[in-house]
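# Observations on the model geometry
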Amino acid sequence: MAHHDGTAAPRRIGLIGCGDVSAVHFEAIRDVEGLQIVGVADVDPSARERAAQATGVPAFATTAELLEAVSPDAVHVTTPHAEHVEPVVTALDAGVHVLMEKPLASTLAGGERLVAAAQAAAPRGVKLGVCFQNRYNRPSQQLHALLASGELGAVRGAWASVVWTRTADYYRAKPWRGTWAGSGGGLLINQAIHTLDLVQWMLGGVESVDGHVATRRFGDLIEVEDTAELLLTHPGGITTSFYATLTAPQHRPVEIELDCEKAYVLLRGGLEGTLTVRWADGRVDSWGERQLTSGGRSYWGVSHELLIRDFYERLEEPEPFWISPAEAMVSLRVLKEAYAASGLSAQAG
């Protein structure tokens, strides 16, 4: 679609789910050229009212109403975990592209529904992408490229940690976060999933999971876990020792370490993210993160916007977006297997 002067008309974007992370999407839609927000939807009247006032676009209670009223080209789905599947399926069925927040779904069955819905939509050229934006961090991309090139030699093993802090108020503010029904899990599905995704992306998937989850600090407040320790086995028998907790006094940087034949590699996440490669011959190489240009996204870093920009730049390509539902199922399966190993499969779905 083009204007009379030859410039492309902006893509019309709807946003479904006006909670915390929607702010990141609103900013990116505003900042990426060629995108225009045309409507918002939320089941909560006060949330959609706030979003409508902030954006100046009409607000709706349901996905179907938004699609019918404003005919968007694409929607961003930023609802709570248990409310991911229906809006995505509704939009794909209507021929509307979808970019959704992680996790893919709160249950494995929900995830499988989205994989099937995306496959059914693909022949019509309709795309579904999932926000695992840490894959766009510069140190992550550099490490993936080094692994792919073979320069590091064989990987002998890996370690990863997500040692963060949360407060009781975090769960009180959004009670769904602490329930199996609302979230599908705790720390693993909400916070550590990004690091699980990076590890599986770097090391070629996950073949088996052993581990245990526990609620160490917030047991009087939440049903789900705040601490986890896992052993992941990757193709070729490489293992990752994985530890995550929300009980620390302050956030530590996310860490992924790889013991390779020709180097020891340390990836540190966060705003000051770095990749350090200590080669066996004594050389040390390091790469830093891109610098932020705006304040609003500082908590999440710049990579959300990079992913959103890339999603729209690739829309005309014939193949699925590279962070597809099938890709997002890997981390969902890993954490659900950890719950099953801890005797929680009935609650976790």
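Report follows, based on the coordinates. Given the structure is predicted, the values throughout are model-derived calculations rather than measurements.

## Things to note about the overall build of the protein
- Within the protein, the regular secondary structure consists of 13 helices and 14 strands.
- The globule rule puts the C-alpha radius of gyration for 349 residues at 20 Å, and the 20 Å found for the protein is close to it.
- With respect to the three principal axes, the spread of C-alpha positions in the protein is 60 × 50 × 40 Å.
- Sorting the 349 residues of the protein into buried and exposed places 54% on the buried side.
- Across the protein, the fraction of contacts at a sequence separation of at least 24, relative to all contacts at a separation of at least 6, is 67%.
- Element-wise, carbon and sulfur atoms account for 51% of the exposed surface of the protein, whose accessible area totals about 15,000 Å².

## Some details on the packing of helix α10 (residues 193-203) against helix α12 (residues 325-341)
- Contact geometry for α10 and α12: axes closest at 9 Å, N-to-C directions at 115°. Between α10 and α12 lies a crossing whose hand is right-handed. Contact residues: Ile-193, Leu-196, Asp-197 and Gln-200 in α10; Glu-327, Val-330, Ser-331, Val-334 and Leu-335 in α12.
- Taken together, the residues of the contact of α10 with α12 break down into five nonpolar, two polar and two charged.

## Brief notes about the pattern of salt bridges
- For the structure shown, the criterion picks out 16 salt bridges.
- Of the charged contacts in the structure, one is a salt bridge between Arg-252 and Glu-255, with a shortest N-O distance of 3.7 Å.
- Here Glu-255 falls in the buried class, since its relative accessible area comes to 9%.
- A salt bridge links Arg-268 to Glu-255, with the nearest nitrogen and oxygen atoms 2.7 Å apart. In this pair, Arg-268 sits in strand β12 (residues 263-268) while Glu-255 sits in strand β11 (residues 255-260), placing the two residues 13 residues apart along the sequence.
- A single network of salt bridges, built from pairs that share partners, joins Asp-20, Lys-174 and Arg-177.

About the cut-offs
- Residues numbered from 1 in each chain as written.
- Predicted model: local features only at pLDDT ≥ 70, side-chain atom pairs only at ≥ 80, totals over all residues.
- Heavy atoms only, no water.
- Helix = DSSP H or I, 4+ residues; strand = E, 2+ residues; numbered from the N terminus.
- Rg over C-alpha atoms; globule rule 2.2 N^0.38 Å.
- Buried < 20%, exposed > 50% of the residue type's maximum accessible area, 1.4 Å probe, protein only.
- Contact = heavy atoms within 4.5 Å.
- Areas by Shrake-Rupley, 256 points an atom, 1.4 Å probe, with all protein chains shown as cover.
- Axes fitted to C-alpha atoms, helices over the stretch in contact; angles between N-to-C directions.
- Left-handed = near helix turned anticlockwise from the far one by under 90°.
- Nonpolar A, V, L, I, M, F, W, Y, C, P; charged D, E, K, R; others polar.
- Salt bridge = Lys/Arg side-chain N within 4 Å of Asp/Glu carboxyl O.

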